[in-house]
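# Structural description and commentary
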Amino acid sequence: MPGHHQTLLGRYDVLDWGEGCVVYDRSRFLTHLLDPATAVLLRARLALGEEAHAPDRLQALLDDMLPLTGTPPPADL
Amino acid sequence: MELHQLDPTTALQRLGSGLRLRSGPFVVALRSDIPALSRQVLQQYAHHTLADGDGFCDFHIRITVPAGLRRWWRPQARFLFDGDEPFTPLPLHHAFPLLEWGLNWCVSMHAHQYLILHAAVLERGGRAVVMPAPSGSGKSTLCAALAHRGWRLLSDELALLGLEDGLLWPLTRPISLKNQSIGLIRDFAPDARIGEPVPDTIKGAVAHCAPPAAAVRAAQTPARPGWIVLPRYTPEARAALTPLPKAQAVMELIDACFNDSIHRHQGFAALGRLVDGSDCHRFEYSRLEDAIAVFDRLAEADLDEPSVTPTRALPASQCASQPVSQPVSQPVSQPAFTTGNAAT
């Protein structure tokens, strides 16, 4: 079964195979593996249509979910 | 024309002035005045095709000895790329490993038309197995064994993933064997062309195993993804595949990626497609014969079931039962480059 690929808020690329979920943050150049419980929460909020109706709430959730650690942006930025 | 079709004298002369070889999608102009290195090149690249003398060349490389005292006292080999010297010199007898490590650097730092992963790639039945693994995991040993038992070698070190086509492109070059694996592959594949071991490198003793001629001749034929396998040699372990969750596989591949920071979300999407088209496993082994048998069953199962879904599990007899580890968030990091001697 192919993974479900979507882009949220023009910033987060989400790959979801049901068993687990990976998110790439275009602004911070970081990739995150969501644990199953967090992935379920994200799916639930998306199912409620939060991206369209409450993008600020979705952004706050993603800010909360995704740690800020990782490699720094490329030197040319 | 292949390199071995040149008479040795002419080949050595060409190396002295600049020998142009095709290596996968690249043309390498190689120049060296070190006789021992030239002999190794003639052995390890025997079936590589010579490129036109006046055509485009991707990498201009020269391996030479320094002028002055270092030519005679503790002689060294220098690696020059486009006239620049990106690495500190190594002892002269490390010249061939230096060439190979330097070529890896050239490709991983410059060939950004591909997403480049530190991984071995082999193909069977039109599908490729991608094996990302850290140093010491037994990747190259397994790769050499498979390459001499019916799997086509695409690369031992660098997987070239096409961003548009999603195919894996060959970069068929010598396989770097380390320490005990040198004798192991000599025994396992007596027909393998293995160079003399070079002692005391940063990785211990290193010997290179020439890629089989058929694999070199098919180096313009890409393969579609089939499997992602993370190998690990474990003494006394039974050869066994364990399913790897696809999300976890993406994180493993990002860890092995050289230029994800350049391709960013397009690279992430390409990795997603690679994982989509692949069955993903961890693989533990100790005996090469058992490992080959497991890989052959993997390929045969696929040939028997051409429409299997990527999430298909192997028969229980081929899988070790192991709980899926709790995923954790982890940052992206670049793989450590294998030369370990980059000049500052």
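In this text, all values refer to a predicted model and were calculated from it rather than measured experimentally.

Let's shift gears to the overall build of chain B. Along chain B, the regular secondary structure elements total nine helices and 16 strands. Expressed as a percentage of contacts within chain B between residues at least 6 apart in sequence, the contacts between residues at least 24 apart total 74%.

Before going further, it helps to examine the overall build of chain A. Regarding its fold elements, chain A presents three helices and four strands. The helix and strand sequence of chain A, counted from the amino end, reads β-β-β-β-α-α-α. Classification of the 77 residues of chain A by burial places 26% in the buried group. Intrachain contacts of chain A at a sequence separation of at least 6 include 29% that bridge at least 24 residues.

Here we take up the environment of Asp25 of chain A. All names here are of chain A. The residue Asp25 is located in strand E3 (residues 21–25) in this model. The spacing of Asp25 and Asp64 is 39 residues in sequence and 13 Å in space, taken between C-alpha atoms. Ignoring sequence-local partners within four residues, the contact set of Asp25 consists of Arg11, Tyr12, Leu30 and Leu66.

Let us look at the sheet that holds E3 of chain A. All names here are of chain A. Overall, antiparallel pairing links the four strands, which are arranged E1-E2-E3-E4 in an open sheet. The sheet is open, and its two edges are formed by strand E1 (4–8) and strand E4 (30–34), each paired on a single side. Between one strand and the next, the sheet's axes are offset by a mean angle of 20°, whatever the strand orientation. By the bridge criterion, five bridges tie E3 to E4 in an arrangement that is antiparallel. Bridge assignment links Asp25 to a residue of E4, and that residue is Leu30.

Residues and elements named next belong to chain B. What the five strands build is an open sheet, ordered E1-E2-E3-E4-E5; its pairing is mixed. Every other strand in the sheet has two partners, leaving strand E1 (19–23) and strand E5 (90–91) as the edge strands with one partner each. Bridge count between E1 and strand E2 (residues 26–32): five bridges; the pairing is antiparallel. Within E2, the position partnered with Arg22 by the bridge is Val27. Docked against the sheet, helix H1 (residues 8–17) engages E1 and E2, running at close to 95° with respect to E2.

Moving on: unusual backbone geometry. Residues and elements named next belong to chain B. Of note, the phi angle at Asp200 is positive, near 60°, even though the residue is not glycine. Mapped onto the secondary structure, Asp200 falls in strand E12 (residues 198–201). The exposure class assigned to Asp200 is exposed, which follows from the 11 C-beta atoms found within 10 Å. Here Arg264, not a glycine, exhibits a phi torsion of approximately 50°, which is positive.

Over its twelve residues, helix H1 (residues 36–47) of chain A extends 16 Å from the first C-alpha to the last, a length consistent with the 16 Å expected when each residue adds 1.5 Å. Residue Gly49 of chain A follows H1 of chain A closely and has a positive phi angle near 80°.

Attention now moves to the environment of Arg26 of chain A. Counting through the fold element by element, Arg26 of chain A comes out in the loop between E3 and E4. Given 15 C-beta atoms within 10 Å, Arg26 of chain A falls into the partly exposed group. Through-space distance from the C-alpha of Arg26 of chain A to that of Gly3 of chain A is 19 Å; in sequence the pair is 23 residues apart. Non-local contacts of Arg26 of chain A, meaning those with residues more than four positions away in its chain, are made with Arg11 and Asp13 of chain A together with Arg264 and His265 of chain B.

Residue and element names in this part refer to chain B. Contact pair helix H2 (residues 35–44) / helix H3 (residues 95–110): the axes reach a minimum separation of 9 Å and the direction vectors enclose 60°. Here H2 lies oblique to H3, going by the angle between them. Here Ala36, Leu37 and Gln40 of H2 come into contact with H3, specifically with Ala95, Phe96 and Leu99.

Turning our eyes to something else, we now look at the domain arrangement of chain B. Residue and element names in this part refer to chain B. Domain annotation of chain B identifies domain 1 (1–110) and domain 2 (115–322). Its C-alpha centre places domain 1 at a distance of 26 Å from the equivalent point of domain 2. By residue number, the principal contributor to the side of domain 1 that touches domain 2 is H3, which donates six residues. Of the residues belonging to the side of domain 1 that touches domain 2, the class tally is five nonpolar, eleven polar and one charged.

Turning our eyes to something else, we now look at the nonpolar core. Residues and elements named next belong to chain B. By size, the foremost hydrophobic cluster in this structure holds 113 residues, and its most contacted members are Leu122, Leu160, Leu168 and Val250. Looking at which domains feed residues into this core, each of domain 1 (1–110) and domain 2 (115–322) supplies at least three. Beyond its immediate sequence surroundings of up to four residues, Leu160 is in contact with Ala111, Tyr114, Ile116, Leu168, Trp169 and Leu171.

Turning next to the packing of H1 of chain B against H2 of chain B. Residues and elements named next belong to chain B. Where H1 contacts H2, the axes come no closer than 10 Å and their chain directions differ by 115°. H2 is crossed by H1, and the crossing has right-handed handedness. Mapping the contact onto sequence places Pro8, Ala11, Leu12 and Leu15 in H1 and Ser38, Val41 and Leu42 in H2.

Now for the confidence of the model for chain B. Predicted coordinates in regions of low pLDDT should not be interpreted in detail. All names here are of chain B. Averaged over chain B, the pLDDT score is 88; the fraction of residues at 70 or greater is 88%. Predicted confidence is poor over residues 306–344, with pLDDT under 50, and the contacts of this stretch with residues over four places away or in other chains come to 73 contacts. As scored by the predictor, the complex reaches a pTM of 0.87 and an ipTM of 0.87.

Rules of the game
- Residues numbered from 1 in each chain as written.
- Chains lettered and ligands numbered in written order.
- Predicted model: local features only at pLDDT ≥ 70, side-chain atom pairs only at ≥ 80, totals over all residues.
- Helix = DSSP H or I, 4+ residues; strand = E, 2+ residues; numbered from the N terminus.
- Contact = placed C-beta atoms within 7 Å.
- Buried ≥ 20, exposed ≤ 12 C-beta atoms within 10 Å, placed from the backbone.
- Pairing = 2+ DSSP bridges.
- Axes fitted to C-alpha atoms, helices over the stretch in contact; angles between N-to-C directions.
- Expected span 1.5 Å × (residues − 1).
- Parallel < 35°, antiparallel > 145°, perpendicular 65-115°, else oblique.
- Domains from an automatic or database assignment.
- Nonpolar A, V, L, I, M, F, W, Y, C, P; charged D, E, K, R; others polar.
- Core = buried A, V, L, I, M, F, W, Y, C linked by C-beta atoms within 7 Å.
- Left-handed = near helix turned anticlockwise from the far one by under 90°.
- pLDDT = per-residue confidence, 0-100.

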